[in-house]
Amino acid sequence: GAGVSQSPRYKVAKRGQDVALRCDPISGHVSLFWYQQALGQGPEFLTYFQNEAQLDKSGLPSDRFFAERPEGSVSTLKIQRTQQEDSAVYLCASSLAGGRGGSNQPQHFGDGTRLSIL
Amino acid sequence: AQSVAQPEDQVNVAEGNPLTVKCTYSVSGNPYLFWYVQYPNRGLQFLLKYITGDNLVKGSYGFEAEFNKSQTSFHLKKPSALVSDSALYFCAVRGQSGTYKYIFGTGTRLKVLA
């Protein structure tokens with residue numbers, strides 16, 4: 001498709017389970033971002049990839065959160081031993097260029113995965 | 001540290017009237033500033049950006065924003081509001097140096113009344 005695709009759109013898990021969220025960025029986009037959006041809040045930065053390299057993971061809230069982009073396209077955000085506070089919408093965004101040259105480019109967002117932890 | 005403030009949780013405006021959604025920022029160095037719009041159950045859509053140059057930036061759907069360095073503000077404006085403009089608006093900032101991290105404001109809900 002033409003846009004950023006995220007799956008699943010909705011995920012319900014029991015506390016303690018592991019979950020994996022998938023992001024298909026726009027083809028050819030170098031930069032990929034993950035955000036966490038709590039209800040009524042703005043997106044909070046989690047991590048940034050330039051191609052397959054994870055250049056910034058400063059926003060990951062704990063070592064239960066792990067992200068990868070092994071071939072520089074599709075990315076997966078994994079949350080281990082989920083907790084109720086992990087309930088949020090997880091947004092993925094991509095932009096064409098990377099590094100400093102890409103920092104002035106708009107991000108294209110997917111529609112997010114709404115994660116609910118029971 | 002970088003930060004963005006959107007002081008109004010909600011802005012109400014009558015259709016056809018001008019609208020302003022406020023944003024102030026704090027960042028070391030020169031900022032990259034963005035406005036995004038979010039409709040229910042959707043991701044964010046890019047409206048406009050300021051990188052350098054003219055302080056008045058024009059973007060999608062008739063929106064514009066004015067960069068004011070002395071007041072560290074980047075307010076979103078539109079001369080004539082439409083009911084279809086009703087949505088959640090986010091201001092975002094990224095510093096030119098260092099981090100790849102973008103900081104988003106908490107959002108302002110715009111309600112345009114017919």
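Everything in this summary refers to the structure shown in the same document. Since the structure is predicted, the reported quantities are computational estimates derived from the model, not experimental observations.

1. Some points on the state of the cysteines
Residue and element names in this part refer to chain A.
Turning to step 1, where the next piece is worked out: Considering all chains together, one arrives at two disulfides over all chains under this definition.
Turning to step 2, where the next piece is worked out: Shown here is the disulfide that connects cysteine 23 with cysteine 92, its sulfur atoms set 1.9 Å apart. Since a negative S-S torsion denotes a left-handed disulfide, the cysteine 23-cysteine 92 link at about -65 degrees is left-handed. You can see cysteine 23 sitting in strand β3 (residues 19-24) and its partner cysteine 92 sitting in strand β9 (residues 88-95), a full 69 residues away along the chain.

2. A closer look at the pairing of strand β5 (residues 44-50) of chain A
All names here are of chain A.
Turning to step 1, where the next piece is worked out: Where burial is concerned, most of β5 is hidden: five out of the seven residues are buried.
Turning to step 2, where the next piece is worked out: In sequence, strand β4 (residues 31-37) turns back onto β5 through a hairpin of six residues, with glycine 40 there showing a positive phi of about 75 degrees.
Turning to step 3, where the next piece is worked out: For β5 and strand β6 (residues 53-56), the ladder comprises three bridges, and the chain directions are antiparallel. Across the sheet, glutamine 50 pairs through a bridge with alanine 53, a residue of β6.
Turning to step 4, where the next piece is worked out: Counting the residues between successive antiparallel strands, the hairpin from β5 to β6 contains two residues, one of them, asparagine 51, with a positive phi of roughly 55 degrees.

3. Some points on the interface of chain A and chain B
Turning to step 1, where the next piece is worked out: Between chain A and chain B, the contact holds 26 residues from the first and 23 residues from the second.
Turning to step 2, where the next piece is worked out: In total, about 2000 Å² of surface goes out of reach between chain A and chain B, with carbon and sulfur atoms giving 51% of it.
Turning to step 3, where the next piece is worked out: Our count for the chain A to chain B interface comes out at one salt bridge.
Turning to step 4, where the next piece is worked out: In this structure, the salt-bridge partner of Arg42(B) is Asp111(A), at a minimum N-O distance of 3.0 Å.
Turning to step 5, where the next piece is worked out: For the side of chain A that touches chain B, the elements supplying multiple residues, two or more each, are β4, β5, β6 and α1 (99-102) of chain A.
Turning to step 6, where the next piece is worked out: A per-class count over the side of chain A that touches chain B returns nine nonpolar, twelve polar and five charged.

4. Some points on the side chain of Arg69(A)
Turning to step 1, where the next piece is worked out: As for its position among the elements, Arg69(A) is in the loop between β7 (65-68) and β8 (75-79).
Turning to step 2, where the next piece is worked out: A polar contact is formed between the side chain of Arg69(A) and the backbone oxygen of Asn51(A), at a distance of 3.1 Å.

5. Some remarks on the sheet that holds strand β1 (residues 5-7) of chain A
All names here are of chain A.
Turning to step 1, where the next piece is worked out: With respect to topology, four strands assemble into an open sheet ordered β1-β3-β8-β7, the strand pairing being antiparallel. Strands with a single pairing partner mark the edges of an open sheet, and in this sheet they are β1 and β7. Adjacent strand axes in the sheet meet at a mean angle of 15 degrees when their direction is disregarded.
Turning to step 2, where the next piece is worked out: Direction of pairing for β1 relative to β3: antiparallel, over a ladder of three bridges.

6. Section: unusual backbone geometry
Residue and element names in this part refer to chain A.
Turning to step 1, where the next piece is worked out: Residue serine 7 is joined to proline 8 through a cis peptide bond whose omega torsion reads -10 degrees.
Turning to step 2, where the next piece is worked out: Residue position: proline 8 is located in the loop between β1 and β2 (10-13).
Turning to step 3, where the next piece is worked out: Positive phi outside glycine occurs at asparagine 51, with the angle close to 55 degrees.
Turning to step 4, where the next piece is worked out: Relative to the helices and strands, asparagine 51 resides in the loop between β5 and β6.
Turning to step 5, where the next piece is worked out: The class of asparagine 51 is partly exposed, set by a relative accessible area of 32%.

7. Here's the deal with the pattern of salt bridges
Residue and element names in this part refer to chain B.
Turning to step 1, where the next piece is worked out: Evaluation of the coordinates by the stated rule reveals seven salt bridges over all chains.
Turning to step 2, where the next piece is worked out: For lysine 77, the salt bridge identified is with glutamate 66, shortest N-O distance 3.4 Å. Of this pair, lysine 77 sits in strand β9 (residues 73-78) while glutamate 66 is found in strand β8 (residues 64-68), placing the two residues eleven residues apart along the sequence.
Turning to step 3, where the next piece is worked out: Since its relative accessible area comes to 28%, lysine 77 is described here as partly exposed.

Cut-offs applied
Residues numbered from 1 in each chain as written. Chains lettered and ligands numbered in written order. Predicted model: local features only at pLDDT ≥ 70, side-chain atom pairs only at ≥ 80, totals over all residues. Heavy atoms only, no water. Disulfide = S-S within 2.5 Å. Helix = DSSP H or I, 4+ residues; strand = E, 2+ residues; numbered from the N terminus. Buried < 20%, exposed > 50% of the residue type's maximum accessible area, 1.4 Å probe, protein only. Pairing = 2+ DSSP bridges. Contact = heavy atoms within 4.5 Å. Buried area = accessible area lost by both parts, 1.4 Å probe. Salt bridge = Lys/Arg side-chain N within 4 Å of Asp/Glu carboxyl O. Nonpolar A, V, L, I, M, F, W, Y, C, P; charged D, E, K, R; others polar. Polar contact = N/O pair within 3.5 Å; in protein donor to acceptor, adjacent residues only side chain to side chain. Axes fitted to C-alpha atoms, helices over the stretch in contact; angles between N-to-C directions.

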